[in-house]
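# Structural description and commentary
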Amino acid sequence: MSTTNYTNTFIQVSDDSPVDAAQTPPPGGTGPTIAELEFTLLQARPYAYTSDELLFEVNARRKGLSDDERDAAWDEFFSRDQACLRSSPLAKRYGWGFHHDERGRVALVPLGTEEYQRFSADPGLKQKKAMRSSRSAA
């Protein structure tokens with residue numbers, strides 16, 4: 001099983017994000033979107049989830065898994081490589097950075113804030129950029 005977890009890392013907003021400040025993702029039409037679920041979970045409980053736990057929780061909620069189904073579903077979910085939070089719509093589209101602490105726990109950091117500036121300038125953190133939405137040259 002591979003992992004999507006980072007430690008002591010800051011994932012900055014994508015260079016081609018269309019926003020200059022963080023935005024709350026809009027509600028989905030037929031149910032919560034990935035962005036909406038990630039946002040809701042991390043806003044409610046910053047530094048409570050590792051990236052793996054967050055991605056799995058979003059998947060489990062979208063599939064409506066019961067508590068009894070979760071153990072087997074975890075193994076199945078991570079039997080395939082999963083995209084890390086660098087590909088999250090929160091960082092690509094909605095202006096949210098991700099801070100991963102020394103334990104690998106994740107919190108949202110809004111673009112356009114002093115907190116975002118502090119994390120993005122911190123030499124003690126590995127700096128990563130969220131993936132670009134387009135393939136155009138930088």
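All of the points below concern the structure found in this document. (Residues numbered from 1 in each chain as written. Predicted model: local features only at pLDDT ≥ 70, side-chain atom pairs only at ≥ 80, totals over all residues. Heavy atoms only, no water.)

## Section: the overall build of the protein chain
- Scanning the protein chain from terminus to terminus reveals five helices and four strands.
- Listed N to C, the secondary structure of the protein chain is β-α-α-α-α-β-β-α-β in terms of helices and strands.
- Rg of the C-alpha trace for the protein chain: 15 Å, near the compact-globule value of 14 Å for 138 residues, within the 12% margin.
- With the C-alpha coordinates aligned to their principal axes, the bounding extent of the protein chain is approximately 45 × 35 × 30 Å. (Helix = DSSP H or I, 4+ residues; strand = E, 2+ residues; numbered from the N terminus. Rg over C-alpha atoms; globule rule 2.2 N^0.38 Å.)

## Comments concerning the pairing of strand β1 (residues 9–12)
- Of the two faces of β1, the one lined by T9 and I11 and the one lined by F10 and Q12 are each fully buried.
- Of the pairings in the sheet, the one linking β1 to strand β2 (residues 96–100) comprises three bridges and is antiparallel in character. Across the sheet, the residue bridging to I11 is F98, located in β2. (Buried < 20%, exposed > 50% of the residue type's maximum accessible area, 1.4 Å probe, protein only. Pairing = 2+ DSSP bridges.)

## A look at the packing of helix α1 (residues 34–44) against helix α2 (residues 51–63)
- Put simply, α1 and α2 touch, their axes get as near as 10 Å, and they point 120° apart. Judged on the interaxial angle alone, α2 and α1 are oblique. Considering only the axes of α1 and α2, their crossing is right-handed. The residues of α2 that touch α1, namely those facing I34, L37, E38, L41 and L42, are L54, L55, E57, V58, R61 and R62.
- Tallied by class, the residues present in the contact of α1 with α2 amount to seven nonpolar, no polar and four charged. (Axes fitted to C-alpha atoms, helices over the stretch in contact; angles between N-to-C directions. Parallel < 35°, antiparallel > 145°, perpendicular 65-115°, else oblique. Left-handed = near helix turned anticlockwise from the far one by under 90°. Contact = heavy atoms within 4.5 Å. Nonpolar A, V, L, I, M, F, W, Y, C, P; charged D, E, K, R; others polar.)

## What to know about the packing of aromatic side chains
- What the rule picks out here adds up to seven aromatic pairs.
- Seen from their ring centres, F10 and Y116 are 5.1 Å apart, and the 70° between their planes marks the pair as edge-to-face. Taken together, the residues F10 in strand β1 and Y116 in helix α5 (residues 114–120) connect sequence positions 106 residues apart. Y116 shares its class with F10; the two are buried.
- Ring centres of W74 and F78 lie 4.7 Å apart, and the angle between their planes is 50°; this geometry places the pair in the tilted category.
- For W74, a relative accessible area of 25% gives the class partly exposed.
- We classify F78 as buried; its relative accessible area is 4%.
- When the ring centre of Y49 is taken as origin, the NZ or CZ atom of R45, which lies over that ring, is 5.4 Å away.
- Sitting above the plane of the F119 ring, R118 keeps its charged end 5.2 Å from the centroid. (Phe/Tyr/Trp six-rings, centres within 6.5 Å; stacked < 30°, edge-to-face > 60°. Lys NZ or Arg CZ within 6 Å of the ring centre and 35° of its normal.)

## A look at α2
- Compared with the 18 Å implied by 1.5 Å per residue over 13 residues, the 18 Å span of α2 between its first and last C-alpha is a close match.
- Inspection of α2 places S51, D52, L54, L55, F56, E57, V58, N59 and A60 among the buried residues, and these make up the whole buried set.
- Phi for G64, located one or two positions after α2, is positive at around 65°. (Expected span 1.5 Å × (residues − 1).)

Treat this as a map of the structure, not an account of what it does.
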